[in-house]
Amino acid sequence: MANTTLAGNAIRLYLKNKTQSETDWLEIVCNGDLTLNDSFSEITAETKCGTQTLPGSRAISIEGSFYILNAAADTGTMSERELSAAYDAKDTFYWKIADAYSGAVYQDKEGEGTLTAKNITANEGDFVIMTLTLQVVPSTYVDNLAI
C-alpha cells in the first residue's frame, strides 16, 4: 500500500455539547487553520549524579480559525453564533479531530474541553475571521490508533 499524504483541508474539527447524543457531532463551519498543541512541562533537579529531567503536567489545547458566514450554516455544522454562545456559557464540549475519509488514514484525536479564548477580526476588505482556543482536559485525551 502506498503512503498517503493528507492535505490540511481533509482534517476537520467536530464538537458536541456534553448533553447531546453520540451521533450529534457538528463540524465547525468554514474551518481555516487548525493546530493541536500538546506539551509537558519539565521538572528538572540537580543531583550528585547530574541533572535529571522528568515530564511534568501535560497541557493540551486546540487553536483554530473560522470564517464567519453571512448566511445560515448548513445542518450538521456549528457556526459563530453557536460557538460564541457556548463560549459565554463556559460549556464543556466533547471534541474530535478527524479526517474526511472513511478509511483509517489519519489517527483521530478526541477528548473533552472548554473554549478559553475567542477573537473576532473584521479588517476592512477582508473576510471576518473568528479564532478560538479549546483547552483540553488532559485525562480525557485519546489518540485513536486505527489498527
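What counts and how
- Residues numbered from 1 in each chain as written.
- Predicted model: local features only at pLDDT ≥ 70, side-chain atom pairs only at ≥ 80, totals over all residues.
- Heavy atoms only, no water.
- Helix = DSSP H or I, 4+ residues; strand = E, 2+ residues; numbered from the N terminus.
- Buried < 20%, exposed > 50% of the residue type's maximum accessible area, 1.4 Å probe, protein only.
- Contact = heavy atoms within 4.5 Å.
- Areas by Shrake-Rupley, 256 points an atom, 1.4 Å probe, with all protein chains shown as cover.
- Salt bridge = Lys/Arg side-chain N within 4 Å of Asp/Glu carboxyl O.
- 1 Å grid on protein atoms, 1.4 Å probe; cavity = no way out; pocket = protein on both sides within 12 Å on 5 of 7 lines; lining within 4 Å.
- Points joined across faces, edges and corners; volume = space filled by probe spheres on them.
- Nonpolar A, V, L, I, M, F, W, Y, C, P; charged D, E, K, R; others polar.
- Core = buried A, V, L, I, M, F, W, Y, C linked by side-chain atoms within 4.5 Å.

### Some thoughts on the overall build of the chain
Across its full length, the chain holds 1 helix and 9 strands. When the helices and strands of the chain are read in sequence order from the N terminus, they spell out β-β-β-β-β-α-β-β-β-β. A burial count over the chain gives 27% of its 147 residues as buried. Sequence separation of 24 or more characterises 60% of the internal contacts of the chain that already satisfy a separation of 6 or more. Accessible surface, the chain as shown: approximately 9600 Å² in total, 49% of it carbon and sulfur.

### Thoughts on the pattern of salt bridges
Inspection of every chain in the model, using the stated rule, returns 3 salt bridges. Residue Arg-12 pairs with Glu-27 through a salt bridge whose shortest N-O separation is 3.2 Å. With a gap of 15 residues between them, Arg-12 in strand 1 (residues 11-17) and Glu-27 in strand 2 (residues 26-28) connect regions that are remote in the sequence. Classification of Arg-12 by relative accessible area gives partly exposed; the value is 25%. The partner of Lys-109 in a salt bridge is Asp-143, with the nearest N and O atoms 3.0 Å apart.

### Things to note about unusual backbone geometry
In this structure, Cys-30 is a non-glycine residue whose phi angle is positive, near 55 degrees. Structurally, Cys-30 can be placed in the loop between strand 2 and strand 3 (31-47). Despite not being glycine, Lys-90 has its phi angle at roughly 60 degrees, a positive value. Relative to the helices and strands, Lys-90 resides in the loop between helix 1 (80-89) and strand 6 (92-99).

### Brief notes about empty space enclosed by the protein
In total, this model carries 1 cavity of 30 Å³ or more according to the counting rule given. Of the volumes computed, that of the largest cavity is approximately 70 Å³. Contributing to the lining of the largest cavity are Leu-13, Leu-15, Ile-28, Leu-34, Ile-62, Glu-63, Gly-64, Phe-66, Leu-115, Leu-132 and Leu-134. Those elements that provide at least two residues to the lining of the largest cavity are strand 1, strand 4 (50-67) and strand 8 (129-136). Among the elements that take part in the lining of the largest cavity, strand 4 stands out by supplying 4 residues, more than any other. Each residue belonging to the lining of the largest cavity can be placed in one class, and the counts come to 9 nonpolar, 1 polar and 1 charged.

### As for the nonpolar core
Core analysis: the largest hydrophobic core is formed by 20 residues, its most contacted members being Leu-15, Leu-83 and Trp-95. Elements supplying a minimum of two residues to this core: strand 1, strand 2, strand 4, helix 1, strand 6 and strand 8. Per-element tally for this core: the top contributor is strand 8, with 4 residues. Discounting chain neighbours no more than four positions away, the residues touching Leu-15 are Asp-24, Trp-25, Leu-26, Ile-28, Met-78, Leu-83, Phe-93, Tyr-94, Trp-95 and Leu-134.

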